[in-house]
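Spelled out from the first residue to the last, the chains are:
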Amino acid sequence: MVELARVAGTAVVTLMATDAWERTRDGVVALWRRVSPSRADGVEGELEATRDDILAARESGDELAESELREEWAGRLRRLLRAQPEVAHELRRILDELAPETQESAPSAVQMSAEASGSARIYQAGRDQHIAER
């Protein structure tokens, strides 16, 4: 259950910044609406707020904020699964439906190697890199 919640939290937050956002939101809200109808509207609002936060974090390059948001949603989903373990199969179904989008938005593996000699400089990055030399 813990691993399912972690994977689901990561997928939900990752997909918030993609074209699959609305499908992701609708699936998560429908899950909550089924198991805890009184909280569904609140969860929808929290998803919207988290989307604003993830977009701002990505724009500013704040990876820590993005990681915290993933952990926050993993925790929410873990608590939901602990209270309602029977919804695990429905959460897995939602993830399966969103799997192609999750794979497209996931970073690909980066393998780098470099060899320097003398006073050479090597700059490598698996993502954005900003160098300000004077």
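Residues numbered from 1 in each chain as written. Predicted model: local features only at pLDDT ≥ 70, side-chain atom pairs only at ≥ 80, totals over all residues. Heavy atoms only, no water.

**Student:** Even after reading the chapter, I still don't get the overall build of the protein, so can you show me in this structure?
**Tutor:** Tallying secondary structure elements over the protein gives 5 helices and 0 strands in all. The helix and strand sequence of the protein, counted from the amino end, reads α-α-α-α-α. Taking as baseline every contact in the protein between residues at least 6 positions apart, the subset at least 24 positions apart corresponds to 62%. (Helix = DSSP H or I, 4+ residues; strand = E, 2+ residues; numbered from the N terminus. Contact = heavy atoms within 4.5 Å.)

**Student:** Is there a simple way to think about a positive patch on the surface in this case?
**Tutor:** A cluster of basic residues, Arg39, Arg78, Arg79 and Arg82, forms a positive patch on the protein surface. Broken down by element, the residue count for the positive patch peaks at 3 residues, all from helix 4 (residues 63-83). Structurally, the position occupied by Arg78 is in helix 4. (Patch = residues over 30% accessible without salt bridge, like charges linked within 9 Å, V, L, I, M, F, W, Y side chains within 5 Å. Areas by Shrake-Rupley, 256 points an atom, 1.4 Å probe, with all protein chains shown as cover. Salt bridge = Lys/Arg side-chain N within 4 Å of Asp/Glu carboxyl O. Lys, Arg positive; Asp, Glu negative; His and termini not counted. Charge placed at Lys NZ, Arg CZ, Asp CG, Glu CD.)

**Student:** Just to check I follow, could you spell out the pattern of salt bridges for this structure?
**Tutor:** If charged atoms from side chains of opposite charge come close, those side chains can pair. For the structure on display, the rule yields 11 salt bridges. When the shortest N-O distance is used, the salt bridge between Asp41 and Arg33 registers 3.6 Å. Taking relative accessible area as the criterion, Arg33 reaches 39% and is therefore assigned partly exposed. Salt-bridge contacts for Arg58 lead to Glu66; the nearest nitrogen and oxygen are separated by 2.9 Å. For Arg58, a relative accessible area of 30% corresponds to the partly exposed category. On the basis of relative accessible area, Glu66 is assigned to the buried category, the value being 8%. Ionic contacts of the salt-bridge type, sharing partners, join the residues Arg34, Glu90, Arg93 and Glu97 into one network. (Buried < 20%, exposed > 50% of the residue type's maximum accessible area, 1.4 Å probe, protein only.)

**Student:** So what exactly am I meant to see when it comes to the nonpolar core here?
**Tutor:** Generally speaking, a soluble globular protein has its nonpolar side chains buried in company with each other. Among the nonpolar cores identified, the biggest contains 30 residues, and Trp32 and Leu47 are the most heavily contacted of them. Going through the elements one at a time, helix 1 (2-15), helix 2 (21-35), helix 3 (37-60), helix 4 and helix 5 (88-105) are the ones with two or more residues in this core. Apart from the residues lying within four places of it in its own chain, the contact partners of Trp32 are Pro37, Arg39, Ala40, Val43, Trp73, Arg76, Leu77 and Leu80. (Core = buried A, V, L, I, M, F, W, Y, C linked by side-chain atoms within 4.5 Å.)

**Student:** Where do I start with the packing of aromatic side chains in this structure?
**Tutor:** By the definition in use, this model includes 1 aromatic pair. Seen in terms of ring centroids, Trp32 and Trp73 are 6.3 Å apart; in terms of plane orientation they differ by 90°. Their pairing is edge-to-face. Within this pair, whereas Trp32 is found in helix 2, its partner Trp73 is found in helix 4, the two being separated by 41 residues in sequence. In this structure Trp73 comes out as buried when scored by relative accessible area, which is 0%. (Phe/Tyr/Trp six-rings, centres within 6.5 Å; stacked < 30°, edge-to-face > 60°.)

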